[in-house]
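The chain contents come next:
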Amino acid sequence: LRIANLPTPLHTVQNVARSGNTRNGNVNDNGNSILEKLKALNIKLLIKRDDQTGGVELGGNKIRKLEFLLADALNKGADAVVTIGGEQSNHCRATAAACRMVGLEPHLILRTKRANKVEEDRTVKGGESFGYVGNILFDRMVGAKIYTCTPGEYGRVGSNELVRRVCSDIESETNMKAYPIPVGGSNGCGTWGYIEGVNEIKDQLSDQNVDHVVFACGSGGTAAGITIGFVLSYITNAEQMPKIHAVGVCDTPEYFYNEVANIAEEMGLDISSLEVESILDFVRQNLIPHQGKGLGYAVSTQEELDFITKFAIETGIVLDPVYSGKALHHFITHELDEHPDLYENSNILFWHTGGSLGNYDKIDAL
């Protein structure tokens, strides 16, 4: 399928600090400009704008995966799609909109601490308390069927099993065939979207050198595609390949090593010509995961939110609080501060994975 707006722009950030006002009348940065920090280290920052893969319905990294996943769903004769994510899931919103574009019925399982109350209000009181904030508004606007689960259910039962159960219910109660998509669209099929994404960025960079590629990592599919894609692109000149940095917004670096390895194995990665003993060794050799989740998935500190505001003022680019904002905040305020010698005089590509609708869920704090 081709439903994303590709190629997305490649933006070069000008290292000129800008002043501006926030709602409190100042930037609240204690004189520490983000761009001045980059300038002091002679770092050139490029941003791959995958927040512009589509409008508010499709924008973000997930649509690259969905082009492959929904093509597979249609090829298998599916009538409906079932997927799962957090309450403000960008993946679920993009899935719902993309499904409608190709004639599939979207079913979304949203993980929320409010699940029990939402279900009680719906079944007992006959009301609706889930709301219309951010991504949920767009889920509703395209008529997605929304189910909820608690974080406890998500952990005990598992996301794949929850999706399987809803698929089973749909098929037993209707004449529809349901197609399951895992959290984040992260499996062997969807990850091909970022193999293509790497080909796209290589064409855009042309002869321009990049030393580091940085992006947010939540379910592992984007990390798998970018890592494998760059390794394949530099197979004949591996010494020139940029370092690949996945900043985890949940879980642990060890979890992501294993998750990316599982996806690579599902994709059929052949390592016979590589000097590694296993696919896991291949991942460890080529991917650098960072622990950037802070207080936890989708939980923001005031420092992270201030960083998002400051970055918008200095660059005109809006990050999101769950993925891109948390990831770039960690990389610039922790990684660069702790290891400046590793990044001085370098070109860094930050892959913006979208999600700006998530800022609506943080309005009061922002």
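Look a little higher up for the structure.
Thresholds applied
- Residues numbered from 1 in each chain as written.
- Predicted model: local features only at pLDDT ≥ 70, side-chain atom pairs only at ≥ 80, totals over all residues.
- Heavy atoms only, no water.
- Salt bridge = Lys/Arg side-chain N within 4 Å of Asp/Glu carboxyl O.
- Helix = DSSP H or I, 4+ residues; strand = E, 2+ residues; numbered from the N terminus.
- Core = buried A, V, L, I, M, F, W, Y, C linked by side-chain atoms within 4.5 Å.
- Buried < 20%, exposed > 50% of the residue type's maximum accessible area, 1.4 Å probe, protein only.
- Contact = heavy atoms within 4.5 Å.
- Axes fitted to C-alpha atoms, helices over the stretch in contact; angles between N-to-C directions.
- Parallel < 35°, antiparallel > 145°, perpendicular 65-115°, else oblique.
- Left-handed = near helix turned anticlockwise from the far one by under 90°.
- Nonpolar A, V, L, I, M, F, W, Y, C, P; charged D, E, K, R; others polar.
- Pairing = 2+ DSSP bridges.
- Right-handed = clockwise from strand over helix to strand, strands pointing away.
- Phe/Tyr/Trp six-rings, centres within 6.5 Å; stacked < 30°, edge-to-face > 60°.

Q: What is the right way to look at the pattern of salt bridges in this model?
A: Once their charged atoms are close, side chains differing in charge can pair, the charge on each being opposite to the other. For the structure shown, the criterion picks out 13 salt bridges. The residue Arg2 makes a salt bridge to Glu196 at a minimum N-O spacing of 3.6 Å. With Arg2 in the segment before strand 1 (10-12) and Glu196 in helix 8 (residues 192-205), this residue pair connects regions lying 194 residues apart in the sequence.

Q: Would you mind going over the nonpolar core with me for this structure?
A: Nonpolar side chains in soluble globular proteins tend to end up buried together. Counting residues in each nonpolar core, the largest one holds 65 residues, and the members touching the most others are Val213, Phe215, Ile226, Phe230 and Trp351. Once you skip the residues sitting within four places of it in the chain, Val213 turns out to touch Ile226, Phe230, Pro242, Lys243, Ile244, His245, Leu349 and Trp351. Residues Leu70, Ala94, Ala98 and Tyr179 belong to the second largest nonpolar core, which totals 17 residues.

Q: Can you help me understand the side chain of Thr222 in this one?
A: Within the secondary structure, Thr222 sits in helix 9 (residues 221-233). On the basis of relative accessibility, which here comes to 6%, the residue Thr222 falls in the buried class. Once residues lying within four places of it in the same chain are set aside, the contact partners of Thr222 are Asn61, Lys65, Tyr194 and Phe215.

Q: What am I meant to see in the packing of helix 8 against helix 9 here?
A: The relative placement of two packed helices is expressed as an angle between their axes plus a distance between the axes. Direction vectors running N to C along helix 8 and helix 9 enclose 50 degrees, while the axes themselves pass 7 Å from each other. Taken together, helix 8 and helix 9 sit at an angle that is classed as oblique. Helix 8 and helix 9 meet at a crossing whose hand is right-handed. Counted together, Tyr194, Ile195, Val198, Asn199, Ile201 and Lys202 of helix 8 and Thr222, Gly225, Ile226, Ile228, Gly229, Phe230 and Ser233 of helix 9 form the full contact between these two elements. Of the residues that constitute the contact of helix 8 with helix 9, the class distribution is seven nonpolar, five polar and one charged.

Q: Please clarify how the pairing of strand 4 (residues 105-111) should be interpreted in this entry.
A: Each regular strand shows side chains that alternate between the opposite faces of the sheet. Across the seven residues that make up strand 4, a large majority, six, are buried. Bridge count for strand 3 (residues 80-86) against strand 4 is seven bridges, and the pairing is parallel. If you follow Val82 over to strand 4, its bridge partner there is His107. What joins strand 3 to strand 4 is helix 3 (residues 90-101), and the crossover it makes is right-handed. As paired strands, strand 4 and strand 5 (residues 145-149) are joined by five bridges and run parallel to one another. Across the sheet, residue Leu110 finds its bridge partner in strand 5, namely Thr148.

Q: Any chance you could explain the sheet that holds strand 3 here in plain terms?
A: Sheet strands associate in pairs through backbone hydrogen bonding, adopting either a parallel or an antiparallel arrangement. Spatial ordering of the open sheet is given by 5-4-3-6, a layout of four strands whose pairing is parallel. Two strands bound the open sheet, and with one partner strand each, they are strand 5 and strand 6 (178-180). Along the sheet, successive strands turn relative to each other by an average axial angle of 25 degrees, direction set aside.

Q: What exactly am I supposed to notice about the packing of aromatic side chains here?
A: What describes a pair of aromatic rings is the distance from one ring centre to the other and the angle between the planes of the rings. Enumeration over the complete set of coordinates arrives at six aromatic pairs. Ring centres 5.5 Å apart and planes at 65 degrees place the aromatic pair Tyr194 and Trp351 in the edge-to-face group. Remark: Trp351 occurs in strand 10 (residues 347-352) and Tyr194 occurs in helix 8; sequence separation between them is 157 residues. The class for Tyr194 is buried, based on a relative accessible area of 0%.

Q: For this particular structure, what's the right way to read the packing of helix 10 (residues 253-267) against helix 11 (residues 279-286)?
A: Remark: helix 10 packs on helix 11, axes separated minimally by 9 Å, with the N-to-C direction vectors making an angle of 125 degrees. Relative to helix 11, the element helix 10 is oriented oblique. The handedness of the crossing between helix 10 and helix 11 comes out as right-handed. When helix 10 is examined against helix 11, the residues Glu254, Tyr257, Asn258, Val260, Ala261, Ala264 and Glu265 are found in contact with a partner set consisting of Ile279, Leu280, Val283 and Arg284. Its residues placed into classes, the contact of helix 10 with helix 11 shows seven nonpolar, one polar and three charged.

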